[in-house]
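One-letter residues, chain by chain:
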Amino acid sequence: MKTWYKQAQRSARVSQVVRSMVHVADVAKPQRVILLPGRALRATASSTRSFLQEMSASGPSAAVRSAGGPGVRMKLLDSVHEDGAKLVEITADEAQKLRAAQPGLVVVPEVFFQPAVQTYQVSTLVKAAAGARAAMKKVVVKVVSQTGGTPVAGAQVVAFTNFAARQGAGGVTSKAGTVSLSLPSSVKSLQRLYVYPENSFWGSLQMKVTLSPNIAVKLTPIDLSFKDSVRFFAGAGGMTDGQGVKVAVIDTGIALGHPDLVVSGGECTVPGENPGDFGPLGGDHGSHCAGIIAARGTPPTGIRGIAPAATLFSFRVFPKPTRQNPEPGASNFSIAKAIDRAVAAGCDFLNLSLGGGDPDAATEAAIQDARNAGAVVIAAAGNEDRSPVSFPASFDLCVAVSALGRKGLFPKGSVDEGDIAGPFGKDKNNFIASFSNIGREIDCTGPGVGVISTVPEKAYAIMSGTSMATPAVVGLAAKLLARHLTLLKANRDAARADGIVKLVLQSAKKLGFGAEFEGQGLPA
Amino acid sequence: MRRFILRYRGEGARPQDAVEKIRAIGGAAVLEDSDRMMLVEAPEQELRQALGSETDWIIAPEVTYEVPDTRKKVRKPPSKRK
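Every value quoted in this text rests on a predicted model; they were computed, and no experiment measured them.

## As for the overall build of chain A
Next, step 1: Helices and strands together make up the secondary structure of chain A, namely twelve helices and 22 strands.
Next, step 2: Of all 524 residues assigned to chain A, the portion counted as buried reaches 59%.
Next, step 3: Summarising the internal contacts of chain A: among those between residues at least 6 apart in sequence, 74% fall at separations of at least 24.
Next, step 4: Per element, the accessible surface of chain A, about 20,100 Å² overall, is 53% carbon and sulfur.

## Here's the deal with the environment of Arg23(B)
Next, step 1: When you line up the elements, Arg23(B) lands in helix 1 (residues 16–23).
Next, step 2: Taking C-alpha positions, Arg23(B) is 9.8 Å from Leu47(B), a pair spaced 24 residues apart along the chain.

## Focus on the domain arrangement of chain A
All names here are of chain A.
Next, step 1: What the domain assignment reports for chain A is domain 1 (31–110), domain 2 (124–219) and domain 3 (231–513).
Next, step 2: One C-alpha centre belongs to domain 1, the other to domain 3, and the line joining them spans 28 Å.
Next, step 3: Counting residues at the interface gives 22 residues for domain 1, matched by 18 residues for domain 3.
Next, step 4: Summed over the shared surface of domain 1 and domain 3, the result is zero salt bridges.
Next, step 5: Counting every contact that joins domain 1 to domain 3 gives zero residue pairs in polar contact (both at pLDDT 80 or more).
Next, step 6: The biggest single contributor to the side of domain 1 that touches domain 3 is helix 4 (residues 92–101), with five residues.
Next, step 7: The class makeup of the residues in the side of domain 1 that touches domain 3 is eleven nonpolar, nine polar and two charged.

## Some words on the interface of chain B and chain A
Next, step 1: On the side of chain A, 59 residues touch chain B, which itself brings 34 residues to the contact.
Next, step 2: Buried area between chain B and chain A, summed over both chains or domains, comes out near 3,900 Å², and the portion from carbon and sulfur atoms is 58%.
Next, step 3: Here chain B is connected to chain A by six salt bridges.
Next, step 4: Note that Lys337(A) and Glu32(B) form a salt bridge whose closest N and O atoms lie 3.4 Å from each other.
Next, step 5: Counting the contacts that link chain B with chain A gives 16 residue pairs in polar contact (both at pLDDT 80 or more).
Next, step 6: Mapped by element, the contributors of at least two residues to the side of chain B that touches chain A are strand 1 (3–8), strand 3 (37–41), strand 4 (57–61) and strand 5 (64–65) of chain B.
Next, step 7: As paired strands, strand 15 (residues 330–331) of chain A and strand 5 of chain B are joined by two bridges and run antiparallel to one another. Paired with Ala330(A) across the strands is Tyr65(B), a residue of strand 5 of chain B.

## A few points about the nonpolar core
All names here are of chain A.
Next, step 1: Ranked by internal contacts, the top residues of the largest apolar core, which has 72 residues, are Val 245, Val 247, Phe 349, Val 376 and Ile 378.
Next, step 2: Ranked by residue count, the leading element in this core is helix 9 (residues 466–482), at eleven residues.
Next, step 3: Once residues lying within four places of it in the same chain are set aside, the contact partners of Val 376 are Asp 348, Phe 349, Leu 350, Val 399, Ala 497, Ile 500 and Val 501.
Next, step 4: Counting residues in each nonpolar core, the second largest holds 41 residues, with Ala 248, Phe 318, Phe 395 and Ala 400 among its members.

## A few points about the pattern of salt bridges
Next, step 1: Considering all chains together, one arrives at 22 salt bridges over all chains under this definition.
Next, step 2: Two residues, Asp498(A) and Arg371(A), come together in a salt bridge whose shortest N-O distance is 2.9 Å. Here Arg371(A) lies in helix 8 (residues 361–372) and Asp498(A) lies in helix 11 (residues 494–507), a separation of 127 residues in the sequence.
Next, step 3: In this structure Asp498(A) comes out as buried when scored by relative accessible area, which is 6%.
Next, step 4: Judged by its relative accessible area of 4%, Arg371(A) falls in the buried class.
Next, step 5: By sharing partners, the salt bridges in this structure join Asp340(A), Asp369(A), Arg7(B), Arg9(B) and Arg36(B) into a single network.

## Quick look at the side chain of Ser467(A)
Next, step 1: Its location among the elements puts Ser467(A) in helix 9.
Next, step 2: Looking at Ser467(A), its side chain comes within polar contact range of the side chain of His285(A), at 2.9 Å.
Next, step 3: Excluding its chain neighbours within four sequence positions, the residues that come into contact with Ser467(A) are His285(A), Cys289(A), Ser353(A), Ala380(A) and Pro68(B).

## What about the pairing of strand 7 (residues 167–172) of chain A?
All names here are of chain A.
Next, step 1: Sheet analysis places strand 6 (residues 156–162) next to strand 7, joined by six bridges and oriented antiparallel. When the bridges of strand 7 are listed, Ala 159 appears paired with Ala 169.
Next, step 2: From the end of strand 6 to the start of strand 7, which pair antiparallel, there are four residues, and Arg 166 there has a positive phi angle of about 55°.

## So, helix 8 of chain A
Next, step 1: With twelve residues, helix 8 of chain A should reach 16 Å at 1.5 Å per residue; the first-to-last C-alpha distance of 16 Å fits that figure.
Next, step 2: Regarding helix 8 of chain A, the residues found buried are Ala361(A), Ala362(A), Thr363(A), Glu364(A), Ala365(A), Ala366(A), Ile367(A), Gln368(A), Asp369(A), Ala370(A) and Arg371(A).

## What to know about the environment of Lys76(B)
Next, step 1: As for its placement among the helices and strands, Lys76(B) is situated in the segment after strand 5.
Next, step 2: Lys76(B) sits in the partly exposed class, given a relative accessible area of 42%.
Next, step 3: Residues contacting Lys76(B), with those up to four places away along its chain left out, are Ala165(A), Arg166(A), Gln167(A) and Gly168(A).

## What to know about the sheet that holds strand 5 (residues 136–145) of chain A
All names here are of chain A.
Next, step 1: Read across the open sheet, the three strands follow the order 8-5-11; overall the sheet is mixed. At either margin of the open sheet sits one strand with a lone partner, and together these are strand 8 (178–184) and strand 11 (214–219). Averaged over all neighbouring strand pairs, the angle between strand axes comes to 25°, with direction disregarded.
Next, step 2: Two strands pair when backbone bridges link them, and strand 5 and strand 11 are joined in this way by six bridges, in the parallel orientation. Note on strand 11: the bridge partner recorded for Val 141 is Ile 215.

## What to know about the sheet that holds strand 2 (residues 29–33) of chain B
Residues and elements named next belong to chain B.
Next, step 1: Read across the open sheet, the four strands follow the order 2-3-1-4; overall the sheet is antiparallel. Strands at the two margins of the open sheet, each flanked by one partner only, are strand 2 and strand 4. Within this sheet the neighbouring strands show an average axis-to-axis angle of 25°, counted without direction.
Next, step 2: In terms of strand pairing, strand 2 meets strand 3 through four bridges, oriented antiparallel.

Cut-offs and rules
Residues numbered from 1 in each chain as written. Chains lettered and ligands numbered in written order. Predicted model: local features only at pLDDT ≥ 70, side-chain atom pairs only at ≥ 80, totals over all residues. Heavy atoms only, no water. Helix = DSSP H or I, 4+ residues; strand = E, 2+ residues; numbered from the N terminus. Buried < 20%, exposed > 50% of the residue type's maximum accessible area, 1.4 Å probe, protein only. Contact = heavy atoms within 4.5 Å. Areas by Shrake-Rupley, 256 points an atom, 1.4 Å probe, with all protein chains shown as cover. Domains from an automatic or database assignment. Salt bridge = Lys/Arg side-chain N within 4 Å of Asp/Glu carboxyl O. Polar contact = N/O pair within 3.5 Å; in protein donor to acceptor, adjacent residues only side chain to side chain. Nonpolar A, V, L, I, M, F, W, Y, C, P; charged D, E, K, R; others polar. Buried area = accessible area lost by both parts, 1.4 Å probe. Pairing = 2+ DSSP bridges. Core = buried A, V, L, I, M, F, W, Y, C linked by side-chain atoms within 4.5 Å. Expected span 1.5 Å × (residues − 1). Axes fitted to C-alpha atoms, helices over the stretch in contact; angles between N-to-C directions.

Set out below in structure tokens:
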């Protein structure tokens, strides 16, 4: 067997790590990559097989063109078999175009393994400056509504004395809307003061706050008719948008009694918990995602999602918090089982607004099985401030989504102002959020800054994240698929899933950020 | 003892003899069992030995993911030096 293919087989397992290392490589410089037909030696999906055969027969450009894709520049260097893996030279930008045209292909950089050499790094703890313990002072932050001045309880207050070092103090407001922070007497001002309400208000960000014993923060109530980033970039859906499309939200559970949400089914896949408990027992996050996709309300009394007629399923993978474990994580077992169950329920799109850590074989296998059964997993790139795309979004068979924002789509002084960062798009008001992860695995972008959506207790909240951008893309994808009945009703196999990904990515419009930030751009 | 996910990737229903091999591992506990997967608490080496000849099974350690959040967090108390 060819040596580069043997390397590819090994590097397919470590490709996420390798790709993380090379994601900031010069995008204009061609790199040698291996095109794998899924995880097998030979193609199984007919569209992938035809594409690879055409590549061998007529060359790469002709193959992409005959598959209906845009012109992709790459050089074919070697091939395992006429319908097997190919070694090509291609730039990062062109590779993304290829992924959009042939979503069934796995693109793995060619890597060369070196002997593992242990290195040592200096890791010295620096002792605090000698001297007497400085005196502390109390600062009371009072959080009230801008309209009427009523106290806001349960708001998280985060006061940074040094934002870059994340030094500071924090707490949660009482029923009186107050929280007492303990700060050194030497501190005269705060670099940043964040206030995150539970719901019903926009968060607040104040810069350069001069310290006094009492600080007042006024929060802006949410107006449900406000045009936020989802409504600006994706538009509120018509009541029939997404009809016939089934969507699974694999998350903290969806608020079953919310007036804007209709949940048609689901399951809790957390080991040891009741499978029938697929409501929001794991937190608010899943309800917020669900509302972005398919909320059916009408402003100003409710909100409207992007594809309100899509059928929503709730798969709860985050456990119920307990006193011993107040923030429990979702296990890969729960997630893989939820993916299986969502596919069995006939879902077309699986929303995964979660991730992190190393690639995991169980989750990858479940995602691959979902693709082979005609379903598409759309996953959040992660919120680690321009870090490499997190797993599972980094997995080739996921559609990875970055978070897009726009100046002016949140009130002045809201926390969302802190998410503005370059590069800016062709329209200078557009930006990829400062928290969004980026890299060559990004397939597309979606609105994810200052998003109004549904949360439990019949309430509404603002959230930001690639977690919000992902359901926005799922909503757009559902709307699109509902209009392509042949594809919607096609046999549920890998070719159907590839066709759906192709449809979504080829609908996307670039906004001028560059491929690492936006992939193919914003789906239409 | 660590928890592992066993996922069957072969065609058709998972083979019962492989499942019996896992259940027969001393000290192993099957915590959850779904169509294609099992969540098992067992010594890793014995688990891998039991499924050594079964190429259609994936063994992956259980890992967890936190609820994503973009809220800024304090990592350190404020410095007392100004």
